[in-house]
Amino acid sequence: VQLQASGGGLVQAGGSLRLSCAASGRTFSNYAMGWFRQAPGKEREFVAAINWSGGSTNYADSVKGRFTISRDNAENTVYLQMNSLKPEDTAVYYCAASGRAAQPPLSTWYYDYWGQGTLVTVSS
């Protein structure tokens, strides 16, 4: 699976962004999808994940109520709607695909394919 993330940019605190991740190469609906982020000097951390059908999701506590993950299997795309952004959300955001988990996985261990990342910068 090839993954192409887009939609990052510079936004003021309290603003919104929507990230997209377009998949190609394999049957998209066979994969759970996740978003992770990595801030400078920090480890990559889980943000959100969604199962193959979109019927089950998981979120990091730090983004619950502010971020929403969704997918469109007809368009081979997963989205991350980010609202009420905070400066601490600044990071490179990566999408990833997992063919090994029935439920939306939280750990990087379950993910087989990764996109190139898109930078989100939230100014205070």
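Described in the following lines is the structure provided in the data block.

Rules used throughout
Residues numbered from 1 in each chain as written. Predicted model: local features only at pLDDT ≥ 70, side-chain atom pairs only at ≥ 80, totals over all residues. Heavy atoms only, no water. Helix = DSSP H or I, 4+ residues; strand = E, 2+ residues; numbered from the N terminus. Rg over C-alpha atoms; globule rule 2.2 N^0.38 Å. Buried < 20%, exposed > 50% of the residue type's maximum accessible area, 1.4 Å probe, protein only. Contact = heavy atoms within 4.5 Å. Lys, Arg positive; Asp, Glu negative; His and termini not counted. Charge placed at Lys NZ, Arg CZ, Asp CG, Glu CD. Disulfide = S-S within 2.5 Å. Pairing = 2+ DSSP bridges. Axes fitted to C-alpha atoms, helices over the stretch in contact; angles between N-to-C directions. Salt bridge = Lys/Arg side-chain N within 4 Å of Asp/Glu carboxyl O.

When you go through the protein residue by residue, the secondary structure sums to zero helices and eleven strands. Walking the protein from its N terminus toward its C terminus, one meets helices and strands in the order β-β-β-β-β-β-β-β-β-β-β. Relative to a compact globule of 124 residues, whose C-alpha radius of gyration would be 14 Å, the protein shows 13 Å and is just as compact. With the principal axes as the frame, the protein shows a C-alpha extent of 40 × 25 × 25 Å. Buried positions account for 44% of the 124 residues belonging to the protein. Restricting the contact set of the protein to residue pairs at least 6 apart, pairs at least 24 apart contribute 57%. Each charge class in the protein can be summarised by its mean position, and for the 10 positive and 8 negative side chains these summaries are 1 Å apart.

The subject of this paragraph is unusual backbone geometry. Although it is not a glycine, Asn-76 adopts a positive phi angle of roughly 55°. Along the chain, the position of Asn-76 falls in the loop between strand E7 (67–72) and strand E8 (77–82).

Under the definition given, this model contains one disulfide. Each sulfur in the disulfide pair Cys-21 and Cys-95 lies 2.1 Å from the other. An S-S torsion of about 60° defines the bridge between Cys-21 and Cys-95 as right-handed. Taken together, the positions of Cys-21 in strand E3 (residues 17–24) and Cys-95 in strand E9 (residues 91–98) put the pair 74 residues apart, joining distant regions of the chain. Look at Cys-95 and you get buried, because its relative accessible area is 0%.

Below, the discussion takes up the sheet that holds strand E1 (residues 2–6). Reading across from one edge, E1-E3-E8-E7 is the order of the four strands in this open sheet, with antiparallel pairing throughout. On the outer flanks of this sheet lie E1 and E7, each paired with one strand and no other. Strand-to-strand twist across the sheet, computed as the mean angle between neighbouring axes with direction ignored, equals 15°. Sheet analysis places E1 next to E3, joined by five bridges and oriented antiparallel. Directly across from Gln-2, in E3, lies its bridge partner Ser-24.

What follows is about the pattern of salt bridges. The full count for this structure, using the stated rule, is five salt bridges. A salt bridge links Asp-89 to Arg-66; its shortest N-O distance comes to 2.7 Å. Remark: Arg-66 occurs in the loop between strand E6 (57–59) and E7 and Asp-89 occurs in the loop between E8 and E9; sequence separation between them is 23 residues. In this structure, Asp-89 and Arg-66 share a single accessibility class: buried.

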